Amino acid sequence: MCRWLAYSGPSLRLSDVLTRPNHSLIDQSRHATQNVESLNGDGFGVGWYGDDPTPGVYRDTHPAWNDTNFLHLAEHIHSGLFLSHVRASTGTPVQNTNCHPFNYQNWLFQHNGSIPEFHSLKRQLLFDVDPGLFLAIEGSTDSELLFYLALTFGLKDDAPQALARTIGHVEQARQAAGIEGAIYFSACVSDGERIWAVRYSSHSQSRTLYHSSHLRALHDLDGTYASLPDDAVIVVSEPLDDLTTHWKEVPESSILTVESGTATVTAFQPEII
């Protein structure tokens, strides 16, 4: 499994969130505390939005803690919306095209979780991707395939519905194949203006997911990084420090929508079409 972070708010340096906090995503790549694995060293990436509608993306197979280029870039790149991910492979190769976040046009997607017995379902699910999107798939992960299924099911028109239809479709395939293992889907997608984050699993035992609260108080108690804007929202697999009162847990089977400084939680239910 993996750890990830998404930020939406006034523009700031990536390092203010990604590298400076005590339990930053870089620290979580070595010392995750709320994950199946504590080590997430099978690659990492960051995608950020600037003046162009399409995001910049930097990904590599190095462990996040060992990439000095990224540490330097994070001190100089400013953005008001970015996603970042540290990877623990669930069986697919450690290669650049398997690192998150994945991008297509103005969209970014990252995922913590897995499709059970993916090797058994992969061929069928690949054929379910819109032929016009198929050649854009570069890697071999279930995560990237989920992204392209979401695009197939209308991500550009209605992101929550497309994500619900994606999971409904994969759930249907899992059950038809007699696979008892659960789908784990802690995922985040952005169009450059909004963020949607889902917390779901087949058996209601989802991976952790939080969003921020009282960010200025967080800085007051931990001076390792700059103060953060009041209207910023951070979504994380696990908090950036031990002060958990500054984070609200996203409930099981929910989708979090972040837009214009507001985070809204609604129920998430797979949809079969």
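Keep in mind it's a predicted model, so treat the numbers as computed, not measured.

1. Examining the sheet that holds strand E11 (residues 247-249)
Spatially, seven strands are ordered E3-E2-E4-E1-E10-E9-E11 in an open sheet, and the strand pairing comes out antiparallel. Two strands close off the open sheet at either side, each with one partner strand: strand E3 (56-60) and E11. Each neighbouring strand pair of the sheet contributes to a mean axis angle of 15°, computed without reference to strand direction. Sheet topology places strand E1 (residues 3-13) next to strand E10 (residues 233-236); four bridges connect them, and they run antiparallel. Of the residues in E10, the one forming a bridge with Ser-8 is Val-233.

2. Some remarks on helix H6 (residues 142-152)
Burial of H6 is extensive: ten of the eleven residues sit out of reach of the surface. Restricting attention to buried positions, one finds in H6 the residues Asp-142, Ser-143, Glu-144, Leu-145, Leu-146, Phe-147, Tyr-148, Leu-149, Ala-150 and Leu-151. Those residues of H6 that are buried are in contact with strand E5 (102-104), strand E6 (107-114), helix H4 (118-127), helix H5 (131-134), helix H7 (159-176) and strand E7 (184-190).

3. A look at empty space enclosed by the protein
Applying the stated criterion across every chain, the model contains one cavity of 30 Å³ or more. In this structure, the largest cavity encloses a volume near 70 Å³. Every residue along the wall of the largest cavity is listed here: Cys-2, Arg-87, Ala-88, Ser-89, Thr-90, Thr-92, His-100, Gly-113, Thr-141, Asp-142 and Ser-143.

4. Comments concerning the pairing of strand E4 (residues 78-86)
In terms of burial, E4 is largely enclosed, as seven of its nine residues are buried. Of the pairings in the sheet, the one linking E1 to E4 comprises eight bridges and is antiparallel in character. Looking at the pairing, Leu-12 lines up with Ser-79 of E4. Bridging between strand E2 (residues 44-48) and E4 involves five bridges; their strand directions are antiparallel. By the bridge assignment, Trp-48 is partnered in E4 with Phe-82.

5. As for the packing of H4 against H6
With their axes 11 Å apart at the nearest point, H4 and H6 run at an angle of 30° to one another. Comparing their axes, H6 and H4 come out roughly parallel. Here H4 runs over H6; the crossing is left-handed. The segment H4 lies against H6, with Phe-118, Lys-122, Leu-125 and Leu-126 engaging Asp-142, Leu-145 and Leu-149. Its residues assigned to classes, the contact of H4 with H6 shows five nonpolar, no polar and two charged.

6. Topic: the nonpolar core
The biggest cluster of nonpolar side chains holds 37 residues, and the ones touching the most others in it are Phe-147, Leu-155, Leu-163 and Phe-185. Sorting the residues of this core by element identifies E5, E6, H4, H6, H7, E7 and strand E8 (195-201) as the ones contributing at least two each. Residue contacts for Leu-155: discarding those within four places in its chain leaves Trp-107, Phe-147, Ala-150, Ala-162, Leu-163 and Val-189.

7. Topic: H7
Compared with the 26 Å implied by 1.5 Å per residue over 18 residues, the 26 Å span of H7 between its first and last C-alpha is a close match. What H7 keeps buried is the set Ala-159, Ala-162, Leu-163, Ala-164, Thr-166, Ile-167, Gly-168, His-169, Val-170, Glu-171, Ala-173 and Arg-174. As for H7, its buried residues are in contact with E6, H4, H6, E7, E8 and strand E12 (254-259). Of the residues flanking the end of H7, it is Gly-178, one or two places downstream, whose phi is positive at about 70°.

8. Some thoughts on the packing of aromatic side chains
Scanning all chains against the criterion turns up nine aromatic pairs. One aromatic cluster is present, built from ring pairs that chain together Tyr-104, Phe-109, Phe-147, Tyr-148 and Phe-185. Stacked on the ring of Tyr-184, the Lys or Arg Arg-207 has its end atom at 4.0 Å from the ring centre.

Calculation rules
Residues numbered from 1 in each chain as written. Predicted model: local features only at pLDDT ≥ 70, side-chain atom pairs only at ≥ 80, totals over all residues. Heavy atoms only, no water. Pairing = 2+ DSSP bridges. Helix = DSSP H or I, 4+ residues; strand = E, 2+ residues; numbered from the N terminus. Axes fitted to C-alpha atoms, helices over the stretch in contact; angles between N-to-C directions. Buried < 20%, exposed > 50% of the residue type's maximum accessible area, 1.4 Å probe, protein only. Contact = heavy atoms within 4.5 Å. 1 Å grid on protein atoms, 1.4 Å probe; cavity = no way out; pocket = protein on both sides within 12 Å on 5 of 7 lines; lining within 4 Å. Points joined across faces, edges and corners; volume = space filled by probe spheres on them. Parallel < 35°, antiparallel > 145°, perpendicular 65-115°, else oblique. Left-handed = near helix turned anticlockwise from the far one by under 90°. Nonpolar A, V, L, I, M, F, W, Y, C, P; charged D, E, K, R; others polar. Core = buried A, V, L, I, M, F, W, Y, C linked by side-chain atoms within 4.5 Å. Expected span 1.5 Å × (residues − 1). Phe/Tyr/Trp six-rings, centres within 6.5 Å; stacked < 30°, edge-to-face > 60°. Lys NZ or Arg CZ within 6 Å of the ring centre and 35° of its normal.

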